[in-house]
Amino acid sequence: QVQLAESGGGLVQAGGSLRLSCAASGRPFISCAMGWFRQAPGKEREFVSRISRSGGRPYYADSVKGRFTISRDNAKNTVYLQMNLLKPEDTAVYYCAADITYDGGLGPSQYDYWGQGTQVTVSS
């Protein structure tokens, strides 16, 4: 079992920045590839970014490439999502997820454990 707890969401103006954190517990963090997903009202959950167990191979959705940066600190059992140049269309609930099988897939079904989510709202 892996427990995940996101933090760092909030309300920000367009062009601003936020940093999301996701703290993991319950299983050696190094055994988990980590991903970030988001879900806007009335839309399906979509992939945002992922990072492999070792911290390599970061990958981003086209919609956030160049603006968001994923990183992890295995000593702190935490994964981060730095979000810059935020746009109103980034407004969503953001979820972190742990993948213990694929070392970082792109689809929600490839992740085994999920956090409760943190709301990000970007005003225009």
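All figures in this text were calculated on a predicted structure; none of them were measured in a lab.

As a further point, take the overall build of the chain. When helices and strands are tallied, the chain shows zero helices and 11 strands. N-terminal to C-terminal, the α/β element order of the chain is β-β-β-β-β-β-β-β-β-β-β. Computed over the C-alpha atoms, the radius of gyration of the chain is 13 Å, within 12% of the 14 Å expected from 2.2 N^0.38 for a compact globule of 124 residues. The principal-axis extents of the C-alpha atoms in the chain amount to approximately 40 × 30 × 25 Å. By the burial criterion, 44% of the 124 residues in the chain qualify as buried. Restricting to contacts in the chain with at least 6 residues of sequence separation, those with at least 24 account for 58%. Summed over its atoms, the accessible surface of the chain is roughly 6,000 Å², and 49% of this surface lies on carbon and sulfur atoms. Of the charged side chains in the chain, 13 are positive and 10 negative, and the gap between their average positions amounts to 4 Å.

Rules and cut-offs
- Residues numbered from 1 in each chain as written.
- Predicted model: local features only at pLDDT ≥ 70, side-chain atom pairs only at ≥ 80, totals over all residues.
- Heavy atoms only, no water.
- Helix = DSSP H or I, 4+ residues; strand = E, 2+ residues; numbered from the N terminus.
- Rg over C-alpha atoms; globule rule 2.2 N^0.38 Å.
- Buried < 20%, exposed > 50% of the residue type's maximum accessible area, 1.4 Å probe, protein only.
- Contact = heavy atoms within 4.5 Å.
- Areas by Shrake-Rupley, 256 points an atom, 1.4 Å probe, with all protein chains shown as cover.
- Lys, Arg positive; Asp, Glu negative; His and termini not counted.
- Charge placed at Lys NZ, Arg CZ, Asp CG, Glu CD.

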